[in-house]
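Given next are the chains, with one letter for each unit.
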Amino acid sequence: MNNFKFYNPVKIIFGKGTIAEVAKEVPAGARVLMTYGGGSIKKNGVYEQVMEALKEHTVFEFGGIEPNPHYETLMQAVELAKNEKIDFILSVGGGSVLDGTKFIAAAVVFDQGDPWRFLAEKAAVKLKGAIPFGAVLTLPATGSEMNSGAVITKVATKEKLTFGSPFTFPKFSVLDPETTFSLPPRQISNGIVDAFTHVMEQYLTYPVNAPLQDRIAEGVLLTLIEEGPKVMQNPSDYNAMGNFMWSATMALNGLLSAGVPTDWATHMIGHELTALHGIDHARTLAIVLPSLLRYKSETKKEKLLQYGARIWNITEGSEEERIEAAIQATVKFFNSLDIATTLHEYDVDRATITAIVERFQKRGVRNLGERADIQVEDVEKILEMSL
Ligand code: NZQ
Ligand code: ZN
């Protein structure tokens, strides 16, 4: 196992009826900005529960944070937060509202110019702080509720970039599975595939003698495979939803990547497909992951064989056949959730591949993947395999 540091300060408050706990978690006397999305929380009763919990606090609202949250929208919230001297933010919604909240929290205290700099000039610009925030999560998928990362889109330039810092961990996250009962099938399947791919990016690399990490990752994958279809069938199945929700949190809270190499090339490439075409985040991963696994099957061989055997019971045939069967089982799983895995099914053609290659060249993207051996030419080939 590789050396590692693991730090995760997020308090998770899980279960039925736990939104009421927000009352105690938000500091007394705080001037709170409640952030939310396009209105789902006003239709499913979550808004009322949060307002009830915050009745003793001074609350301001900022709604309208869109999926793949926009820098342009978030900057309006930054202005509001500064004007109203906000000192705590409560994110109520999915990963986009929470990522947007992380940006607002950091941007309010940023004193080095335009906050976009902490995404576009990561190497040069370090965050020095953020105002504290918490979350009520309504969509299991991203793991944002227990990590310090965020992904923000700048509409003006069609860029989708990430940032993270020790200051952007939520103080707490409330995970009440009942808040997710109103999710449409499209968002549930997105959540399953996003969480599944998060595990794959930290597991499907090369062995470093980290059997516990492998077993935890495999446990999350198997739980997603078992519980995912139950949730699709019946989104009000409390136990299945709770298991799915906790799996998605565990998939990206830093535990799985402790001591092991990580890939993340699928996410890096996928973000470009969302930036250019607005394809849902999880669907971009379903397009890229199978081709990436095929393209890198030689350097990922041991783990692909282990994945095939332990997750899909693939033990017969030559190594090549088992690897291909494992990738096909993955595609079949995504398809079973109504998620298409090729570019043409999303009306994306060769021109987009050229556009992504040009952007990566311009941005100096190189050395992706766990072995830092995926270059722009490889990205081009991987995407061609996804056509
Ligand atoms: O905006 P509202 O009206 O709330 O509707 C949302 C939105 O339309 C809806 N929704 C959320 N909870 C609901 C609900 N509808 C009914 N009932 C509920 N309980 O679902 C739609 C999608 O929401 P969104 O927050 O965009 O989805 P998700 O949680 O999948 O977040 C995706 C974003 O997270 C980023 C992605 O790139 C994308 O921008 N990611 C963040 C990561 C992180 N911070 O660690 C890691 C991920 O890899 C990912 O990149
Ligand atoms: Zn993701």
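Shown above is the structure to which this text applies.
Bear in mind that the values here come from a model prediction, so they are computed numbers and not experimental data.

Moving on, we come to the sheet that holds strand β3 (residues 58-62). In spatial order, the strands read β1-β8-β5-β4-β2-β3; together these 6 strands make up an open sheet with parallel pairing. Only two strands of the sheet have a single neighbouring strand rather than two, namely β1 (11-14) and β3. On average, each strand axis in the sheet is tilted by 20° relative to the strand beside it, whichever way the strands run. The sheet contact formed by strand β5 (residues 133-137) and strand β8 (residues 172-175) spans 3 bridges and is parallel. Bridged to V136 within β8 is V174. Sheet strands touched by helix α5 (residues 95-108): β2 (31-36), β4 (88-93) and β5. Its angle to β4, the strand with the most contacts, is close to 165°.

A word on the site of ligand 1. Around ligand 1, the surrounding shell holds 34 residues, and the nearest of these are G37, G38, P67, G94 and G95. Where the shell around ligand 1 is concerned, the elements lending two or more residues are α2 (40-43), α5, β6 (149-154) and α7 (185-203). Considering every element that reaches the shell around ligand 1, the biggest residue donor is α5, with 4 residues. Residues of the shell around ligand 1, tallied by class, amount to 9 nonpolar, 23 polar and 2 charged. Residues from two domains meet in the shell around ligand 1; each of domain 1 (11-179) and domain 2 (185-385) gives at least three.

Close contact between helix α11 (residues 281-295) and helix α15 (residues 376-385) brings their axes to 8 Å; oriented N to C, the two are set at 120°. One finds that α11 runs oblique with respect to α15. Crossing angle aside, the handedness with which α11 passes α15 is right-handed. Contacts between α11 and α15 involve V288, S291, L292, R294 and Y295 from the former and D378, K381, I382 and M385 from the latter. Residue classes in the contact of α11 with α15 are distributed as 5 nonpolar, 1 polar and 3 charged.

Rules used throughout
Residues numbered from 1 in each chain as written. Chains lettered and ligands numbered in written order. Predicted model: local features only at pLDDT ≥ 70, side-chain atom pairs only at ≥ 80, totals over all residues. Pairing = 2+ DSSP bridges. Helix = DSSP H or I, 4+ residues; strand = E, 2+ residues; numbered from the N terminus. Axes fitted to C-alpha atoms, helices over the stretch in contact; angles between N-to-C directions. Contact = placed C-beta atoms within 7 Å. Near = placed C-beta within 6 Å. Nonpolar A, V, L, I, M, F, W, Y, C, P; charged D, E, K, R; others polar. Domains from an automatic or database assignment. Parallel < 35°, antiparallel > 145°, perpendicular 65-115°, else oblique. Left-handed = near helix turned anticlockwise from the far one by under 90°.

Keep in mind these numbers describe shape, not what the thing actually does.
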